[in-house]
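Here is how the chains run, residue by residue.
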Amino acid sequence: MKSTAKEIREESKALFLERFGGNTPLKLVYFHTFLCPVAFAEAMVKEHIIEDYDALELLVLRLYNAGFRTTKEMASLSGMKEVMIERALINEINVYHHIDPEIDDLTDMGKKTFIENEISNSVNHILYTTPRRLQIEAVTGTVVPAYLEENNIKFLKTVLEEKADGVVPRESVRFDEELKREINDRLAEYKHMDILNEGDTIVGIESINTNQLYYRWAYLAKFEGMKYPMIVMQGKKTVGKVNSESIKKREYGKRVAVPLAISRSDSSLLEQNGMSFDDVLIRDDYSFDYLLEKIENFKFHEEQDDISLENENAVYEDERIMETIDESEFKPEEE
């Protein structure tokens with residue numbers, strides 16, 4: 001469905017102001033359409049998974065811990081065929097990483113599995129390295145929440161439009177404690193999507209690679225007295241518990257327009273005026289310096305309302321199964 005930039009902006013502005021009942025103590029200086037760079041990235045994540053454990057593999061783990069190393073010894077003691085023992089041993093070494101032949105001992109996951117199965121059987125602790133996908137807004141370096149992500153490529157652009165305001169991605173983003181927490185929170189959403197179970201945890205992030213860089217329509221919102229604008233994106237957020245009945249009726253939630261982050265100093269200003277953004281990330285002011293520099297020449301009161309746009313096809317959190325940073329700087333690809 002095609003709409004004018006003005007129609008889509010006014011809808012997003014109304015959604016943005018909904019949390020304040022449409023009335024704000026501070027004047028909204030502008031709500032400006034622009035093209036925001038978003039990096040599609042793949043993080044290699046170490047995940048501690050708890051699964052049911054095969055009895056034969058548990059037997060091999062116990063025999064190895066008791067000092068038996070060859071498949072022939074294990075087969076003789078267990079009465080199992082040697083080929084079956086060999087397969088189970090390969091799983092223990094290469095799949096579950098319970099055994100490390102180089103140190104001739106059980107790994108931490110192996111020891112944890114062994115100890116727990118002394119009490120009750122069939123508990124398997126595994127450390128997997130799994131690729132998980134996420135999107136990072138490449139101006140302030142903020143992770144895009146799942147419900148604000150846009151995964152339909154046809155609604156994204158590969159280059160900036162000449163007649164539209166836009167910001168090129170920064171060369172690097174500071175990988176600070178705030179960003180680490182943010183990424184971990186984003187990855188934790190896999191529990192909500194039933195990809196991870198209760199008890200499973202994200203142990204760490206080995207590396208991150210940028211696959212693609214796109215531009216998507218977003219908004220710059222600034223209230224009177226704020227030093228930095230907020231980058232606002234529209235999406236669909238689940239409200240309440242989704243069940244079979246709500247899925248049948250396609251009642252997943254509602255459209256929202258939410259800031260990705262707010263500067264620390266601006267957050268204090270908003271709080272003093274009774275304007276709450278409790279669900280929005282608070283980041284140090286320096287994260288917004290690049291944004292402020294790049295929008296100096298934006299014509300905030302001369303919107304390009306004649307641009308024809310297609311509504312982004314964002315989907316509710318529960319309509320899809322999300323897929324899934326090396327604690328070094330994240331560097332988006334350059335144009």
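Residues numbered from 1 in each chain as written. Predicted model: local features only at pLDDT ≥ 70, side-chain atom pairs only at ≥ 80, totals over all residues. Heavy atoms only, no water.

Asker: Help me understand the packing of aromatic side chains, please; the structure alone is not making it clear to me.
Answerer: Given two aromatic rings, one states the distance between the centres and the angle between the planes to describe the pair. Inspection of every chain in the model, using the stated rule, returns 11 aromatic pairs. Look at Tyr 228 and Phe 288: their rings are 5.6 Å apart centre to centre, the planes differ by 35°, and that puts the pair in the tilted class. A residue pair is termed long-range when its members are at least 10 positions apart, and Tyr 228 in the loop between strand 7 (201-223) and strand 8 (230-238) and Phe 288 in the loop between strand 11 (281-283) and helix 9 (289-294) qualify at 60 residues. Ring pairs connect the aromatic residues Phe 16, Phe 20, Phe 31, Tyr 219, Phe 223 and Phe 277, which therefore count as one cluster. Here the guanidinium or amino end of Arg 69 rests over the ring plane of Tyr 64, the centre of that ring lying 3.8 Å away. (Phe/Tyr/Trp six-rings, centres within 6.5 Å; stacked < 30°, edge-to-face > 60°. Helix = DSSP H or I, 4+ residues; strand = E, 2+ residues; numbered from the N terminus. Lys NZ or Arg CZ within 6 Å of the ring centre and 35° of its normal.)

Asker: Any chance you could explain the nonpolar core here in plain terms?
Answerer: Across soluble globular proteins, nonpolar side chains show a tendency to be buried alongside one another. Phe 16, Leu 220, Phe 223 and Ile 231 are the most contacted members of the largest nonpolar core, which has 47 residues in total. Those elements that place two or more of their residues in this core are helix 1 (5-17), strand 2 (28-52), strand 7, strand 8, strand 9 (253-259), strand 10 (261-263) and helix 9. Here the element with the most residues in this core is strand 2; it accounts for seven residues. With sequence-adjacent residues up to four places away left out, Ile 231 is seen in contact with Phe 34, Cys 36, Glu 137, Val 139, Thr 140, Ala 218, Tyr 219, Leu 220, Val 258, Pro 259, Leu 260 and Leu 291. Membership of the second largest hydrophobic core comes to 17 residues, among which are Tyr 64, Ala 75, Tyr 96 and Ile 99. (Core = buried A, V, L, I, M, F, W, Y, C linked by side-chain atoms within 4.5 Å. Buried < 20%, exposed > 50% of the residue type's maximum accessible area, 1.4 Å probe, protein only. Contact = heavy atoms within 4.5 Å.)

Asker: Where do I start with helix 2 (residues 55-65) in this structure?
Answerer: Think of an α-helix as 3.6 residues a turn; residues three or four steps apart then line up on the same face. Along helix 2, the residues classified as buried are Leu 56, Glu 57, Leu 58, Val 60, Leu 61, Leu 63 and Tyr 64. Contacts from the buried residues of helix 2 go to helix 3 (71-78), helix 4 (82-95), strand 3 (99-100), strand 4 (105-106) and helix 5 (108-119). The distance from a side-chain oxygen at the start of helix 2 to the backbone nitrogen of Leu 56 is 2.9 Å, and the residue carrying that oxygen is Asp 54. Backbone geometry just after helix 2 places Gly 67 at a positive phi near 110°. (Polar contact = N/O pair within 3.5 Å; in protein donor to acceptor, adjacent residues only side chain to side chain.)

Asker: Before we go on, may I ask you to explain the pairing of strand 5 (residues 123-137) in this structure?
Answerer: Looking along a regular strand, one sees side chains alternate from face to face of the sheet. Pairing geometry for strand 2 and strand 5, over 15 bridges, is antiparallel. Bridged to His 48 within strand 5 is Leu 127. Here strand 5 pairs with strand 6 (residues 142-143) via two bridges, running antiparallel. Across the sheet, residue Glu 137 finds its bridge partner in strand 6, namely Thr 142. Between strand 5 and strand 6, which pair antiparallel in sequence order, lie four residues; one of them, Gly 141, sits at a positive phi of approximately 75°. (Pairing = 2+ DSSP bridges.)

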